[in-house]
4 protein chains.
Amino acid sequence: MQLGMIGLGRMGADMVRRLTKGGQQCIAYDVQPAAVDRLKQEGVAGASSLDDLVAQLDKPRAVWLMVPAAVVDATLDQLVPLLEPGDIVIDGGNSYYHDDIRRGQQLGARQLHYVDVGTSGGVAGRERGYCLMIGGEADVVKRLEPIFSTLAPGVGAAEPTPGRGAGTSGTNSTSTAEQGFLHCGPQGAGHFVKMVHNGIEYGLMAAYAEGLNVLRHADAGQHAREVDAETSPLRRPELYQYDLNLADIAEVWRRGSVIGSWLLDLIAGSLASDAELKNYTGRVSDSGEGRWTVAAAIDEGVPTPVLSAALFARFSSRGDADFANRVLSAMRHDFGGHAEKPATPTGG
Amino acid sequence: MQLGMIGLGRMGADMVRRLTKGGQQCIAYDVQPAAVDRLKQEGVAGASSLDDLVAQLDKPRAVWLMVPAAVVDATLDQLVPLLEPGDIVIDGGNSYYHDDIRRGQQLGARQLHYVDVGTSGGVAGRERGYCLMIGGEADVVKRLEPIFSTLAPGVGAAEPTPGRGAGTSGTNSTSTAEQGFLHCGPQGAGHFVKMVHNGIEYGLMAAYAEGLNVLRHADAGQHAREVDAETSPLRRPELYQYDLNLADIAEVWRRGSVIGSWLLDLIAGSLASDAELKNYTGRVSDSGEGRWTVAAAIDEGVPTPVLSAALFARFSSRGDADFANRVLSAMRHDFGGHAEKPATPTGG
Amino acid sequence: MQLGMIGLGRMGADMVRRLTKGGQQCIAYDVQPAAVDRLKQEGVAGASSLDDLVAQLDKPRAVWLMVPAAVVDATLDQLVPLLEPGDIVIDGGNSYYHDDIRRGQQLGARQLHYVDVGTSGGVAGRERGYCLMIGGEADVVKRLEPIFSTLAPGVGAAEPTPGRGAGTSGTNSTSTAEQGFLHCGPQGAGHFVKMVHNGIEYGLMAAYAEGLNVLRHADAGQHAREVDAETSPLRRPELYQYDLNLADIAEVWRRGSVIGSWLLDLIAGSLASDAELKNYTGRVSDSGEGRWTVAAAIDEGVPTPVLSAALFARFSSRGDADFANRVLSAMRHDFGGHAEKPATPTGG
Amino acid sequence: MQLGMIGLGRMGADMVRRLTKGGQQCIAYDVQPAAVDRLKQEGVAGASSLDDLVAQLDKPRAVWLMVPAAVVDATLDQLVPLLEPGDIVIDGGNSYYHDDIRRGQQLGARQLHYVDVGTSGGVAGRERGYCLMIGGEADVVKRLEPIFSTLAPGVGAAEPTPGRGAGTSGTNSTSTAEQGFLHCGPQGAGHFVKMVHNGIEYGLMAAYAEGLNVLRHADAGQHAREVDAETSPLRRPELYQYDLNLADIAEVWRRGSVIGSWLLDLIAGSLASDAELKNYTGRVSDSGEGRWTVAAAIDEGVPTPVLSAALFARFSSRGDADFANRVLSAMRHDFGGHAEKPATPTGG
């Protein structure tokens, strides 16, 4: 099947490569001509402009956007006037599903089809395949199945789930979920599911990170604490005398334990090459989905204490709690005469 | 190698089976004679009493306890007088590492060796192998390697971690971690690492559970909310009109996504057979390690907002927040004249 | 000064009474004629319809809405066509500040002035006075000062704050804040500040409620726990043998302690009359501001772990974590063979 | 009544002054002679050593320790051998109640009486009086009432609580709680209640601090955010255009609002003199009680999500989440190719 790809960054270029390798025909475009050239050197057809891209595509066209969420609307403003009724626009980036619903209506008014695809897989996706969560009209999604099934990892990427199959409750025996792509519902449903996927991801990551931090400080009893009214002494230092090898611990957990996962595999790799993670400062970005997940939970009245704690830890890692902390220190000073204690070189 | 196993419950019996199948020689004992008989029918040697068990073991003996944490000390009180200098006692259950340190000293005073082993794997361990986190004296742990390597999943159970190997920083090139067992440090270190492992497990589980709950309520816009001063209306019901198939979503995430894991595999299985999870009421137990992990974090001064939120959600699931909630309702009544609203049948 | 009051519920009627007592002239209206009649019997002028209300007011008019947030727009739809350029509409309820910004623009297009007032004080406000957080055009707010100063508690309601005064940094020496009302900024600023006020309120309430719950369970060591693999035994029951009198404790904290507050005064009263709070079931409502506060924090990138934990505890109190908890129980069953434990009669 | 006071720091010296002013007879001792001299110049009797102190006291003696928790045991080691059966030792500092129980038994074996007193009031206590939470034998506590009632604020320090009085449920009509001191229960009960008091304090403080931080960032829409795949853009900057005066807002909340409190009074004072709190860096200490409160909650199985979030925010303020954050950044790099973003000068 033929597909126009707009946006040849990290994700977009690799998806073109996977599609091409899988027998699909891609025409690639990016605002940076060098990005197009790189793929052309690999034998992929390229376009020099949006007009050129649209001109090269057979009707009805299918165009996939893989651009930062913040520039999707600007791209659509340029692209949509070039399209014709029946054409399909797919947003495979990290758009907020609110925007999908709006865009679906706007494009629908022009008889264009809008499909939102939450795409997980990261830099490993080119080889492993991408997990695709899809929202849009059922027949349109169906039409795009050759694309989805080529991008997806395929049935063999995981063991069969016991209990799935004809006649079991709760499952769709004809679902493509086993292949790694799923039509989740109408427009926005794909990015809604991807949003929550990423919200979960924040929670999982934080669980590992906190646990490893507890292990790292298992030697706390070896560091004397001062005796003053400001500091809580460690009551039983003999209980915290362990020097643990985090790289080995992450590695051992990869086999047979309840907490094995792909994220743990990555952690094991990071710690194997740099047990102190000295290349990182610990300012953790967030790209939106974690925020939106918590906002959705609040709208729904669903408690998400873990997911929000994970989100807020990222905010704090970037210094965004600083003023609140100064308020705390000011109160402590005012009611108890407590002065702030300076940082000690043993921190971290 | 020969091993005496005390405690033939869910875990202990399966470990005997895996050891036997792997060529190790077990002598099995349980306070319930029926449990011993079951294994005898499978060809395993059994003991009728602790004395009998000790008598059947070659010196220096190795005895593995696989009993509830709450009865370890009582078992040791009976077992220890029967042992002789040089014998090894292994506690493979979920003991608190504080107890390991104490027991190590107590047994050491009698020239007995104490080894603590955190064992992960659950009901799947018999087939998959068990992930073993070990604390104790290095030479004693070394002596037990035939047992550990038989119980562990083995190198092939996971892909090699890139970056591990001779000369890389942070890794122990001679580590057994790749086989699925690891000598973590002195007595208590095994259960300390297992404790944190389970603390992480609580966080991971809660992340999935909260996310699925957000997905489940993606249809919130279909349920009208009352208009009164007590209730926050859903401002944009058109954004919450999705009926999502959670079983399919869990399944699709198993392939290619960033949040794939063994726990997700289990969730996919549960939802495939009962999408509503009607067999559960949602009273979630906790068996101690999550509590101890947070307590250790507090001792160390390490923030664990996610792990503690996961722990407290379990407490709340059992009704332990009830009085606090009544206090909140009383305050709302007193300052605002707010009456409590009754439960509505749409909850859950 | 003359003021039309629309909405004579709990808050609106008391505000009319306080204004009248303070020498302001109110004309009162409610969709329920009985509510108007009650105030008429107290000597307040009443209106039989919105038209009647508008007709009775001198120009330029000032009309205060004290209705549920969910019906403000519907009320404005009826009211606005009756008003004339220069008239002022005040929304004193719990509107979302997003709506204030929109309404300010809509009314401004008709040369009407819109003022948003966050009002705190609850049922005690009639006597204590109301704390007013105000957003709108500066000159319009200035014009309404007779109303605000009558509703507010006045300077004498609290001790002077040391450090406030001419020339000190950070303070507005001409601020009305000492009187209990404050022009916070342009339209929406009043409800923004009130929103955060209520967000803080959630956190404060939860802090007291959680602490009292810990005190209530200080007798945990008197209740035996079962010995099984599912339950974490209380390691040192001798440490939890206290039968504490919560009513007395709340009372003693009211004098001299760091945690004295008006909320604590209310708690002391509730516990004095019903130490078990048997009249409450613990289903805690939330009327929106806590949700909006956390949503604003997320937009701003500001961590609010405490305020969100307080919000989510309310959601959980209403059973909204149930499905998540069932997911947890299902996982525990699947990896560990753990069955759910039934509720015990000692809960709560 | 006569009392020996050991420890003339911030708290101890002021308590001596309040007792002296209230007609009680104090003999003051401190390891720093200068501290004793200061009080002697104010007319208080001083002691030059523990022997001297004990010698000056009438039998049965009453000695109050007001020293850092970490040196209580060392002080008792010196003091106890000097005392005689029937003497009373009071620990008025911030001891862990576990230690009270142990010390009570140790002193009891020598027929000495041990009383633990949680003391709240801080630097303001000299004038306001101290809130005293007391554990110990009932008759011994009764004997000390002249001391307690002099230190406490007295009945007039707060309005009577409606509902307290003869015959009402849940209250002790003969309680001293209205005076500001309370015999909470046997040894340890005083510090247990004080521990939870401080745990609540952490939650209250964090609620204010987080809310003020949200207000401070209400101008977020004025700061442009970069458009890239790493950053979540602020969707509606027009909603965050408020420059709020936090000093005035804290001040207005002091009158009539639901969130009025002594802590808020302090915040208003801090912000009045330094709206930016430039004198603080935001490294917030914790002196133990918050940790112990959460640990007790965990032992009891009581959820304290708010109190623990407040505690962990303090840990994070001191950099103790750094390694966890580096783990997060490493994962983001490995699955998504995300590089850390450097700190921007707009932070804080």
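Here's a quick rundown of the structure. Worth saying up front: this structure is predicted, and the values here are computed from it rather than measured.

1. Points about the sheet that holds strand β1 (residues 2-6) of chain D
With mixed pairing, 8 strands are arranged side by side in an open sheet as β3-β2-β1-β4-β5-β6-β7-β8 (chain D). Two strands in the sheet have a free side with no partner beyond their single neighbour: β3 (45-46) and β8 (181-185) of chain D. Judged from the 5 bridges that link them, β1(D) and strand β2 (residues 25-29) of chain D form a sheet pairing that is parallel. When the bridges of β2(D) are listed, M5(D) appears paired with A28(D). Set on the sheet, helix α10 (residues 246-253) of chain C makes contact with β7 (131-135) and β8 of chain D; between it and β7(D) the angle comes to about 145°. Together, β5 (88-91), β6 (113-120), β7 and β8 of chain D form the strand contacts of helix α9 (residues 189-216) of chain D, whose direction differs from that of β6(D) by roughly 20°.

2. Brief notes about the interface of chain B and chain A
Contacts between chain B and chain A engage 104 residues on the former and 104 residues on the latter. Summing the contributions of chain B and of chain A, the shared interface buries around 8100 Å²; its carbon and sulfur component is 65%. If you sort the residues of chain B by the area they bury against chain A, Y242(B), R255(B) and V258(B) come out on top, with a joint share of 10%. Our count for the chain B to chain A interface comes out at 4 salt bridges. In this structure, R164(A) engages D248(B) in a salt bridge whose closest nitrogen and oxygen atoms are separated by 2.7 Å. Between chain B and chain A we count 44 residue pairs in polar contact (both at pLDDT 80 or more) in total. Residue assignment for the side of chain B that touches chain A shows that the elements contributing at least two residues are α5 (97-108), β7 (131-135), β8 (181-185), α9 (189-216), α10 (246-253), α11 (262-273), α12 (289-300) and α13 (305-317) of chain B. With 18 residues, the top contributor of residues to the side of chain B that touches chain A is α9(B). Of the residues belonging to the side of chain B that touches chain A, the class tally is 57 nonpolar, 30 polar and 17 charged.

3. Digging into the side chain of T150(C)
Residues and elements named next belong to chain C. Turning to its location among the elements, T150 is positioned in helix α8 (residues 145-151). Of the polar contacts made by the side chain of T150, one reaches the side chain of Q24; its length is 2.9 Å. Once residues lying within four places of it in the same chain are set aside, the contact partners of T150 are R18, L19, G22 and Q24.

4. Details of the sheet that holds strand β3 (residues 45-46) of chain A
All names here are of chain A. Taking strand neighbours across the sheet as the criterion, the 8 strands line up as β3-β2-β1-β4-β5-β6-β7-β8 in an open arrangement whose pairing is mixed. This sheet does not close on itself; its edge strands, each paired only once, are β3 and β8 (181-185). Sheet analysis places strand β6 (residues 113-120) next to strand β7 (residues 131-135), joined by 5 bridges and oriented antiparallel. Opposite G118, over in β7, you have M133 as the bridge partner. Here helix α4 (residues 72-79) sits on the sheet in contact with β1 (2-6), β4 (62-65) and β5 (88-91), set at roughly 155° to β4.

5. Describing the pairing of β8(D)
All names here are of chain D. Of all 5 residues making up β8, 4 are buried, and the element is well covered by its neighbours. Summarising the sheet, β7 and β8 pair through 4 bridges and their orientation is parallel. Each bridged residue has a counterpart across the sheet, and for M133 the counterpart in β8 is L182.

6. A look at the relation of the copies chain B and chain A
Between the two copies, chain B and chain A, the superposition gives an RMSD of 0.0 Å; the rotation angle is 180° and the shift along the axis is 0.0 Å. In short, the pair behaves as if placed about a two-fold rotation axis. Scanning chain B for the C-alpha nearest the rotation axis identifies S261(B), at a separation of 2.0 Å. Both copies contact each other with a shared surface, as 100% of the interface residues of chain B are interface residues in chain A too.

Thresholds, definitions, all that
Residues numbered from 1 in each chain as written. Chains lettered and ligands numbered in written order. Predicted model: local features only at pLDDT ≥ 70, side-chain atom pairs only at ≥ 80, totals over all residues. Heavy atoms only, no water. Pairing = 2+ DSSP bridges. Helix = DSSP H or I, 4+ residues; strand = E, 2+ residues; numbered from the N terminus. Contact = heavy atoms within 4.5 Å. Axes fitted to C-alpha atoms, helices over the stretch in contact; angles between N-to-C directions. Buried area = accessible area lost by both parts, 1.4 Å probe. Salt bridge = Lys/Arg side-chain N within 4 Å of Asp/Glu carboxyl O. Polar contact = N/O pair within 3.5 Å; in protein donor to acceptor, adjacent residues only side chain to side chain. Nonpolar A, V, L, I, M, F, W, Y, C, P; charged D, E, K, R; others polar. Buried < 20%, exposed > 50% of the residue type's maximum accessible area, 1.4 Å probe, protein only. Least-squares fit on C-alpha atoms with pLDDT ≥ 70 in both.

Remember, this is a structural readout, not a statement about activity or role.
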